[in-house]
Amino acid sequence: MTPTPVKTWNPAQAAKAQADYCEAHEVPMFAPADGWCNACGNNIFADVITVEEAGKKLITGCPICHHSFVE
């Protein structure tokens, strides 16, 4: 039986995890540092992206409204 993956919902920790990921991979951080999407007004780190997810991939757009943070 596979254990259930840990999911931590903490906006400040998720933002730090994303910043750490970007630094480690030498890529710019496109996600807003505070997590708030300027297009839809939602915090991507509050309800959508966990701390664990933020530390494993580059976030380039809002998972809620699909607004690009790159453009």
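Provided above is the structure to which this section pertains.
Note that the structure is a prediction, hence the values are computed from the model and not measured. Counting of residues starts from 1 at the beginning of each chain's written sequence and follows it residue by residue. Where totals are concerned, whole chains, interfaces and linings use all residues; where local detail is concerned, this predicted model gives features only for residues with pLDDT of at least 70, and gives and counts side-chain atom pairs only at 80 or more. Only heavy atoms go into the side-chain values, all of them from the structure, while hydrogens and water stay out.

Visitor: Can you help me understand the overall build of the protein chain in this one?
Guide: Note on conventions: DSSP H or I runs of at least 4 residues are helices, E runs of at least 2 residues are strands, and numbering of each starts at the N terminus. What the protein chain contains, in helices and strands, is 3 helices and 0 strands. Ordering the α and β elements of the protein chain from the N terminus gives α-α-α. The globule rule used here is 2.2 Å times the number of residues to the 0.38 power, and the radius of gyration it is set against is calculated over C-alpha atoms. Relative to the compact-globule value of 11 Å for 71 residues, the protein chain shows a C-alpha radius of gyration of 12 Å, a close match. For the protein chain, the spread of C-alpha atoms along the three principal axes comes to 40 × 25 × 20 Å.

Visitor: Hey, could you run me through the pattern of salt bridges in this one?
Guide: It is possible for side chains bearing opposite charge to pair when their charged atoms get close. By salt bridge we mean one thing: a side-chain nitrogen of Lys or Arg within 4 Å of a carboxyl oxygen of Asp or Glu. In the structure shown here, the tally under the stated rule is 1 salt bridge. Asp20 is paired through a salt bridge with Lys16; the nearest N and O atoms lie 3.0 Å apart. One end of the pair, Asp20, and the other, Lys16, are both in helix H1 (residues 11-24), 4 residues apart, so they sit about a helical turn from each other. Taking the relative accessible area as the measure of exposure, Asp20 reaches 37% and is therefore partly exposed. Burial status follows relative accessibility: with a 1.4 Å probe on protein chains alone, a residue under 20% of its type maximum counts as buried, one over 50% as exposed, and anything between as partly exposed.

Visitor: What should I look at first to understand the nonpolar core in this one?
Guide: Side-chain atoms within 4.5 Å link the members of a nonpolar core, which is a set of buried Ala, Val, Leu, Ile, Met, Phe, Trp, Tyr and Cys residues. Residues Ala31, Ile44, Phe45, Ile49, Ala54, Ile59 and Phe69 are the most contacted members of the largest nonpolar core, which totals 13 residues. For this core, the secondary-structure elements that each account for two or more residues are H1, helix H2 (44-47) and helix H3 (51-54). Here this core takes 3 residues from H1, the largest share from any one element. Working rule for contacts: check all heavy atoms of both residues, and any pair within 4.5 Å makes them a contact. Each residue touching Phe69, except ones within four places of it in the same chain, is listed here: Phe30, Ala31, Pro32, Cys37, Ile44, Ile59, Thr60, Gly61 and Cys62.

Visitor: Would you mind going over H1 with me for this structure?
Guide: Residues spaced three or four apart along an α-helix point in a common direction, a consequence of the helix completing one turn every 3.6 residues. Taking 1.5 Å as the rise per residue, H1 with 14 residues should run 20 Å; its terminal C-alpha atoms sit 20 Å apart, in good agreement. Those residues of H1 not exposed but buried are Ala14, Ala15, Ala17, Gln18, Tyr21 and Cys22. The arc that holds every buried residue of H1, seen down its axis, measures 160 degrees, which confines them to one face. In H1, the exposed positions angled more than 90 degrees off the buried face are occupied by Ala12, Glu23 and Ala24. Close packing links the buried residues of H1 with H2 and H3. Two N or O atoms count as a polar contact when they lie within 3.5 Å, although within protein this holds only if one can serve as hydrogen donor and the other as acceptor, and sequence-adjacent residues are included solely when both atoms are side-chain atoms. At the N-terminal boundary of H1, the capping side chain belongs to Asn10, with an oxygen 3.1 Å from the backbone nitrogen of Ala12. Two residues or fewer after H1 comes Glu26, characterised by a positive phi angle close to 55 degrees. For a helix, the expected span equals 1.5 Å multiplied by the number of residues minus one. Working definition: the arc comes from the directions between the helix axis and the C-beta atoms, pointing outward to the latter.

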